[in-house]
Amino acid sequence: MAGAIASRMSFSSLKRKQPKTFTVRIATMDAEMEFSCEVKWKGKDLFDLVCRTLGLRETWFFGLQYTIKDTVAWLKMDKKVLDHDVPTEEPKTFHFLAKFYPENAEEELVQEITQHLFFLQVKKQILDEKIFCPPEASVLLASYAVQAKYGDYDPNVHKRGFLAQEELLPKRVINLYQMTPEMWEERITAWYAEHRGRARDEAEMEYLKIAQDLEMYGVNYFAIRNKKGTELLLGVDALGLHIYDPDNRLTPKISFPWNEIRNISYSDKEFTIKPLDKKIDVFKFNSSKLRVNKLILQLCIGNHDLFMRRRKADSLEVQQMKAQAREEKARKQMERQRLAREKQMREEAERTRDELERRLMQLKEEATMANEALMRSEETADLLAEKAQITEEEAKLLAQKAAEAEQEMQRIKATAIRTEEEKRLMEQKVLEAEMLALKMAEESERRAKEADQLKQDLQEARESERRAKQKLLEITSKSSYTQSMNSSTTALPTDLPSFNLISESLSFDFKDTDMKRLSMEIEKEKVEYMEKSKHLQEQLNELKTEIEALKLKERETALDILHNENSSRGNSKHNTIKKVS
């Protein structure tokens with residue numbers, strides 16, 4: 001009895017020790033994951049679990065987003081997950097997204113996974129038209145997206161229509177021009193072909209470097225009112241706070257860079273921005289929703305912290321990450337160079353093999369033709385020999401008939417003719433016999449000459465046969481030599497480095513000389529990038545001019561018109577912010 005009570009007590013204690021859990025679904029830009037979380041978990045516990053699963057170390061850019069009554073909210077790190085206003089049903093869904101954007105993607109985004117997640121998010125925002133992108137820049141960005149997905153352009157693989165199912169351009173851009181999908185694909189492919197040699201991470205980084213100069217990149221917009229009750233838009237991004245007209249999200253009326261803001265205070269529904277320069281008036285605004293105000297404050301604090309962090313020396317963790325990234329980049333570069341060399345050697349070997357096979361086929365054709373010529377020569381020689389024999393027999397027969405005619409003539413002459421009539425008749429017969437004998441002699445002579453000519457033709461035919469046999473022997477000897485060369489050339493790659501494209505585990509020791517060389521390469525890349533940027537701008541202008549004639553002016557949106565006005569004035573994102581700061 002006591003044992004049964006003890007067993008029940010131990011079972012109940014085990015049951016009490018098992019923590020209560022709930023299911024969470026995390027959606028990234030390209031995948032979904034499900035986790036079983038403990039009830040006591042805070043937002044940081046779940047966020048850290050997701051980052052570990054993704055292998056992400058640059059966590060300060062990201063957050064877990066959810067929606068409450070059509071309002072975006074972010075999971076707080078120091079608050080329990082279940083204490084947030086999330087739906088009661090399971091699994092509870094959160095979106096793992098970039099909450100803060102870098103000022104300079106190339107300098108700040110270190111990990112490849114970080115770059116990839118930013119690329120996917122910015123690409124979706126451009127396609128969903130949450131970020132305005134002009135048509136010519138849309139085509140360029142699409143070409144980098146294709147390079148990231150398909151690798152180097154190969155006309156034998158990437159044939160007409162291979163982009164038919166891809167979503168690469170905003171619908172606004174497609175509807176703005178009288179252009180077929182084939183015409184858009186042709187222009188995207190023309191730029192895509194120029195990106196040869198870029199790896200996926202490089203193509204994605206080029207995409208981000210272009211996208212970060214778009215006016216609406218990284219800006220969170222909120223509807224606000226100033227002290228006079230005028231409806232405005234507040235934009236919060238990595239550079240500062242910006243005030244816009246509701247109809248113009250491209251050009252701010254006023255900008256407050258983070259380094260010129262002394263304080264941001266929030267009381268009830270009213271925000272106060274105090275500039276560092278006390279001569280500048282304090283700017284006050286309010287928003288109707290409490291949740292929106294909290295989100296604005298979160299974004300202000302987070303962006304300001306990152307702004308200050310960028311202007312300080314990198315932490316030890318970031319330094320280590322950058323050093324690892326540089327080593328990884330150098331290793332990948334060396335690996336790509338090795339694979340490129342092997343690919344080049346393989347292509348050269350294949351070209352040599354194809355050339356030898358082509359030459360062998362040519363020699364085989366020549367041998368076949370020589371054989372046929374030899375057979376024709378042999379047949380001709382046989383016919384000529386047969387004809388010569390027939391002609392010779394005919395000449396002998398004619399000579400025999402001529403001899404018989406001569407004998408007959410002699411017999412007739414020797415015969416005595418009694419009468420004059422007989423004599424006359426006999427003379428006539430003698431004359432006819434002489435004419436016949438003469439004709440027989442001429443025919444015999446002609447036949448003899450024809451027999452001599454046939455013998456000469458037979459001699460020439462046999463000489464041609466001899467030359468054809470000699471040429472056939474030469475071709476046969478060349479073929480055997482070519483086959484030996486072919487076998488030796490085909491076996492050439494076995495003596496060269498392996499063409500196996502499966503990467504093996506490699507280790508590299510990076511010495512000072514390697515690092516110096518890498519630094520020089522980076523400096524060289526900077527110079528090349530400046531030259532490329534100029535060339536790129538020229539290409540963008542060319543495309544803009546080329547498709548301008550196909551534009552449907554009546555379909556231009558307000559943002560299209562505003563962008564064209566800014567472009568005609570020479571205004572860009574950064575110099576506009578400087579002007580209105």
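For the structure itself, consult the block above.
Residues numbered from 1 in each chain as written. Predicted model: local features only at pLDDT ≥ 70, side-chain atom pairs only at ≥ 80, totals over all residues. Heavy atoms only, no water.

Below, the discussion takes up the nonpolar core. By size, the foremost hydrophobic cluster in this structure holds 102 residues, and its most contacted members are Ile26, Leu46, Phe94 and Phe96. It is helix 5 (residues 135–150) that provides the largest number of residues to this core, a total of nine residues. Excluding anything up to four places from it in sequence, Phe96 contacts Ile26, Ala27, Thr28, Phe47, Val50, Cys51, Leu54, Leu56, Phe62, Gly63, Leu64 and Leu117. Grouped together as the second largest cluster of nonpolar side chains are six residues, Leu384, Ala388, Leu458 and Ala461 included. (Core = buried A, V, L, I, M, F, W, Y, C linked by side-chain atoms within 4.5 Å. Buried < 20%, exposed > 50% of the residue type's maximum accessible area, 1.4 Å probe, protein only. Helix = DSSP H or I, 4+ residues; strand = E, 2+ residues; numbered from the N terminus. Contact = heavy atoms within 4.5 Å.)

One can describe the packing of helix 5 onto helix 7 (residues 181–192) by two numbers: an axis separation of 8 Å at closest approach and a directional angle of 65 degrees. Considering only the axes of helix 5 and helix 7, their crossing is right-handed. For the pair helix 5 and helix 7, contact is made by Glu136, Val139, Leu140, Ala142, Ser143, Val146, Gln147 and Tyr150 and by Trp184, Arg187, Ile188, Trp191 and Tyr192, respectively. Among the residues making up the contact of helix 5 with helix 7, the classes are represented as nine nonpolar, two polar and two charged. (Axes fitted to C-alpha atoms, helices over the stretch in contact; angles between N-to-C directions. Left-handed = near helix turned anticlockwise from the far one by under 90°. Nonpolar A, V, L, I, M, F, W, Y, C, P; charged D, E, K, R; others polar.)

Time to look at the packing of helix 5 against helix 8 (residues 200–211). A pair of packed helices is captured by two measures, namely the crossing angle of their axes and the spacing between those axes. Viewed as axis vectors pointing N to C, helix 5 and helix 8 meet at an angle of 160 degrees, and their least axial separation amounts to 8 Å. In terms of orientation, helix 5 and helix 8 fall into the roughly antiparallel class. Read as a crossing pair, helix 5 and helix 8 show a hand that is left-handed. Counted together, Leu140, Leu141, Tyr144, Ala145, Gln147 and Ala148 of helix 5 and Arg200, Ala203, Glu204, Glu206, Tyr207, Ile210 and Ala211 of helix 8 form the full contact between these two elements. The class makeup of the residues in the contact of helix 5 with helix 8 is nine nonpolar, one polar and three charged. (Parallel < 35°, antiparallel > 145°, perpendicular 65-115°, else oblique.)

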